[in-house]
Amino acid sequence: MTNNIIIREIQQKDNAQIEAAIRACFHEFGIPLVGTAYEDIETTQMFESYQDEKEVYFVIELDEKVCGGGGVKPLKDFDADVCEIQKMYFSPALRGKGLGKLLFKKCIETAKDLGFKQIYLESAPQLKAAIHIYETFGFNHLDAPLGDTGHSSCGVWMLKKL
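Everything numeric here is computed off the predicted structure, so don't read it as measured data. Positions within a chain are numbered from 1, following the residues in the order the chain's sequence is written. Since the coordinates come from a predicted model, pLDDT governs what is reported: local features require at least 70, and pairs of side-chain atoms require 80 or more to be given and counted, while whole-chain, interface and lining totals use all residues. Here the side-chain values reflect all heavy atoms present in the structure, with hydrogen atoms and water set aside.

## Remarks on the nonpolar core
One finds Ile85, Phe104 and Phe139 to be the most contacted residues of the largest nonpolar core, which totals 25 residues. Sorting the residues of this core by element identifies strand E2 (56–62), strand E3 (65–74), strand E4 (82–90), helix H3 (99–113), strand E5 (118–123), helix H4 (128–136) and strand E7 (156–161) as the ones contributing at least two each. Under the DSSP-based scheme used, a helix requires at least four consecutive residues in state H or I and a strand at least two consecutive residues in state E, with every element numbered from the N terminus. When residues of this core are assigned to their parent elements, the largest contribution, six residues, is made by H3. Only buried Ala, Val, Leu, Ile, Met, Phe, Trp, Tyr and Cys residues count toward a nonpolar core, and they belong to the same one when joined by side-chain atoms within 4.5 Å. Buried means the residue's accessible area, taken with a 1.4 Å probe over protein chains only, is under 20% of the maximum for its type, while exposed means over 50%, and partly exposed covers the values in between.

So, in structure tokens, the structure goes:
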């Protein structure tokens, strides 16, 4: 059996499927629902939330169903040269296939192409596999958050120079 996997920019028709994939991860990993992307208004309208200059959101489609994604956006209320990798979540169907690393690399390359000098990200300590990937890509841990993401329950903050 071969799976048809496509990584592409988000379309409006993807909103409900990517929202479902994101929200399911919070329940699966026991991540707090308050002070995280779970309660962001963006999570319900992902296509509309990534339409400004210097921001993009990619989805991963598996057999014509959106099962995950991740995006790049300027870090809110911070230096204009710093972007954030945001809302990178994958349903179990995508995991273990190297797709997370592939999308992460695509986001880093996109950030470079958009002219950013550094990439910031926030995560939850429960997402140990994701944090390990971030470390292997050269992200360094910070002692405190940067910018104003509104994600008070994220206890892992990381930064990488491009």
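## Digging into the environment of Ile6
With respect to the helices and strands, the residue Ile6 is situated in strand E1 (residues 5–9). Residue Ile6 is classed as partly exposed on the basis of its relative accessible area, which comes to 32%. Each C-alpha atom of the pair Ile6 and Asp63 lies 8.5 Å from the other, and the pair is 57 residues apart in sequence. Two residues form a contact once any of their heavy atoms are found within 4.5 Å. Residues within four places of Ile6 in sequence aside, it is in contact with Val59, Ile60 and Glu61.

## Let's talk about the confidence of the model for the protein chain
A residue's pLDDT is the predictor's confidence in that residue, given on a scale from 0 to 100. Per-residue pLDDT for the protein chain has a mean of 93; in total, 99% of the residues score no lower than 70. Of all secondary-structure elements in the protein chain, the lowest mean pLDDT belongs to H4, at 92, while strand E6 (residues 140–141) reaches the highest, 98.

## Digging into the packing of aromatic side chains
Any pair of Phe, Tyr and Trp rings, taking the six-membered ring for Trp, is counted once the centres come within 6.5 Å. Such a pair is stacked with planes under 30 degrees apart, edge-to-face with planes over 60 apart, and tilted for the rest. For the structure on display, the rule yields seven aromatic pairs. Consider the rings of Tyr50 and Tyr57, whose centres lie 5.1 Å apart with planes at 50 degrees: the pair is tilted. Judged by its relative accessible area of 1%, Tyr57 falls in the buried class. Every member of this aromatic cluster is reached through a ring pair, and the members are Phe104, Tyr134, Phe137 and Phe139.

## Side note on unusual backbone geometry
Unlike most non-glycine residues, Lys54 shows phi in positive territory, near 65 degrees. As for its position among the elements, Lys54 is in the loop between helix H2 (46–49) and E2. Non-glycine residue Glu64 carries a positive phi angle of around 70 degrees. Looking at the secondary structure, you find Glu64 in the loop between E2 and E3.

## Some details on the environment of Ile22
Assignment of secondary structure puts Ile22 in helix H1 (residues 15–29). For the pair Ile22 and Gly68, spaced 46 residues apart in sequence, the C-alpha separation works out to 7.2 Å. Those residues within four positions of Ile22 in sequence are excluded, and the remaining contacts are Thr43, Met46, Tyr57, Lys87 and Tyr89.

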